[in-house]
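Breakdown of the fold
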Amino acid sequence: MAILEIKNFTFRYPQAARPALKDISLSVAKGEFVGITGPTGAGKTTLACCLNGIIPHFQGGEATGRIELDGLSIFNKSTAQISRLVGSVFQDPEAQIISSEVEQELAFGLENLGFAPVEMEKRISEVLELAGIPDLRHRSTIGLSGGQKQRVAIACALAMRPEILLLDEPTSELDPVGTEEVFQVLSRLNHEHGITVLVVEQKTEQLAAHAGRILVLDDGALVMDGEPWQVFARQRELQAIGVKIPQVTKLAGMLGGSDKYSLPLTVEQARIYIERLVRS
């Protein structure tokens, strides 16, 4: 069953000469892990803002077509209603974290929505475990690493128990270790707890390794949609629009790989593929 449905959606910012999004149509089923990528200016962040209510509630513009969450138009929902369906995590965790202690940060949104203390305690303990950071509960937010701060931001979004976890470039300011920490958490949330994950990301190695489906935007249009191997098999097209191809996939393509079984997406898959080539 589709949890998100977008049909012929076009959006233009005020005074803009061209639409930021052009005739987007797609459907996302409950429990999918979808990666969204594309070159700078492709419309990725605009699409994310349309899904979490920033557009049209805080950013005006002209929109046609429809976006539905759980079968109801997102444009007929308040920001509070949307936040209970879509939990958002942004590029810079510093911009989201406002409290001096992790526990206070997790409690902030729940307090504003009037949750009882018993329910707040239950949810805080639960999301700390889900995000893999129970040891950070009483830590100061100031001394956390970038990866830790982003996992706190993910925990805050999860505290609202959203249907969809939407992340916009969540690892853009993180080093490789922090990046992998975040993607491991997202994979676990998706595979073990069935949370629908949509992540806008330019680090295609991580998308290839963790997402079950990749969407590619270019100049506001959806130009590719498929399993990671299907998308990254189109190497010339991706290079032409400026999308980075995972290094191991690029290498396999140079060695003749062209299908699901000969286009590795991870280092481990590449090792197996090369061993198989050597034996043959």
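Note on numbering: residues in each chain are counted from 1, in written sequence order. Whole-chain, interface and lining totals are the exception, using all residues; otherwise, since this is a predicted model, local features are given only for residues with pLDDT of at least 70 and side-chain atom pairs are given and counted only at 80 or more. Hydrogen atoms and water are omitted, and side-chain values are computed over all heavy atoms in the structure.

**Quick word on the domain arrangement of the chain**
What counts, and what does not: Domain start and stop positions are those given by an automatic or database domain assignment. Working rule for contacts: check all heavy atoms of both residues, and any pair within 4.5 Å makes them a contact. When two parts are put together, the accessible area they lose, computed with a 1.4 Å probe and summed over both, is reported as buried area. Within 3.5 Å is the distance limit for a polar contact, defined as a pair of N or O atoms, with the added protein rule that one can donate a hydrogen and the other accept it, and that residues adjacent in sequence qualify only through two side-chain atoms. Helix and strand labels come from DSSP, where a helix needs a run of H or I of at least four residues and a strand needs a run of E of at least two; each type is numbered from the N terminus. Each residue gets one label: Ala, Val, Leu, Ile, Met, Phe, Trp, Tyr, Cys and Pro are nonpolar, Asp, Glu, Lys and Arg are charged, and the others, such as Gly, are polar.
Entries for the chain in the domain assignment read domain 1 (1–244) and domain 2 (245–279). In this structure, domain 1 and domain 2 have C-alpha centres spaced 30 Å apart. Residue-level contacts link 14 residues of domain 1 with 12 residues of domain 2. Both faces considered, domain 1 and domain 2 share a buried interface measuring about 1100 Å² in area, 69% of it formed by carbon and sulfur atoms. The interface formed by domain 1 and domain 2 includes 1 residue pair in polar contact (both at pLDDT 80 or more). Secondary structure elements with two or more residues in the side of domain 1 that touches domain 2: α8 (204–210), α9 (228–232) and α10 (235–241). Broken down by element, the side of domain 1 that touches domain 2 gets its largest block of residues, 4 residues, from α8. Looking at the side of domain 1 that touches domain 2 residue by residue, the class counts come to 8 nonpolar, 3 polar and 3 charged.

**Overview of the packing of aromatic side chains**
As a reminder of what qualifies: Stacked, tilted and edge-to-face are the three classes assigned to paired rings of Phe, Tyr and Trp, where Trp is represented by its six-membered ring and a pair needs centres within 6.5 Å; plane angles under 30 degrees give stacked, over 60 edge-to-face, the rest tilted. Remark: exposure states derive from per-residue accessible area (1.4 Å probe, protein chains only) relative to the maximum for the residue type, with buried under 20%, exposed over 50%, and partly exposed in between.
All chains considered together, the criterion is met by 2 aromatic pairs. Geometrically, the ring pair formed by Phe9 and Phe75 is stacked, given 5.9 Å between the ring centres and 15° between the ring planes. Of this pair, Phe9 sits in strand β1 (residues 2–12) while Phe75 sits in the loop between β5 (72–73) and α3 (79–85), and the two are 66 residues apart along the sequence. For Phe9, a relative accessible area of 0% puts it in the buried group. Both rings, one in Phe11 and one in Tyr13, keep their centres 4.9 Å apart while their planes meet at 85°; by these two values the pair is edge-to-face.

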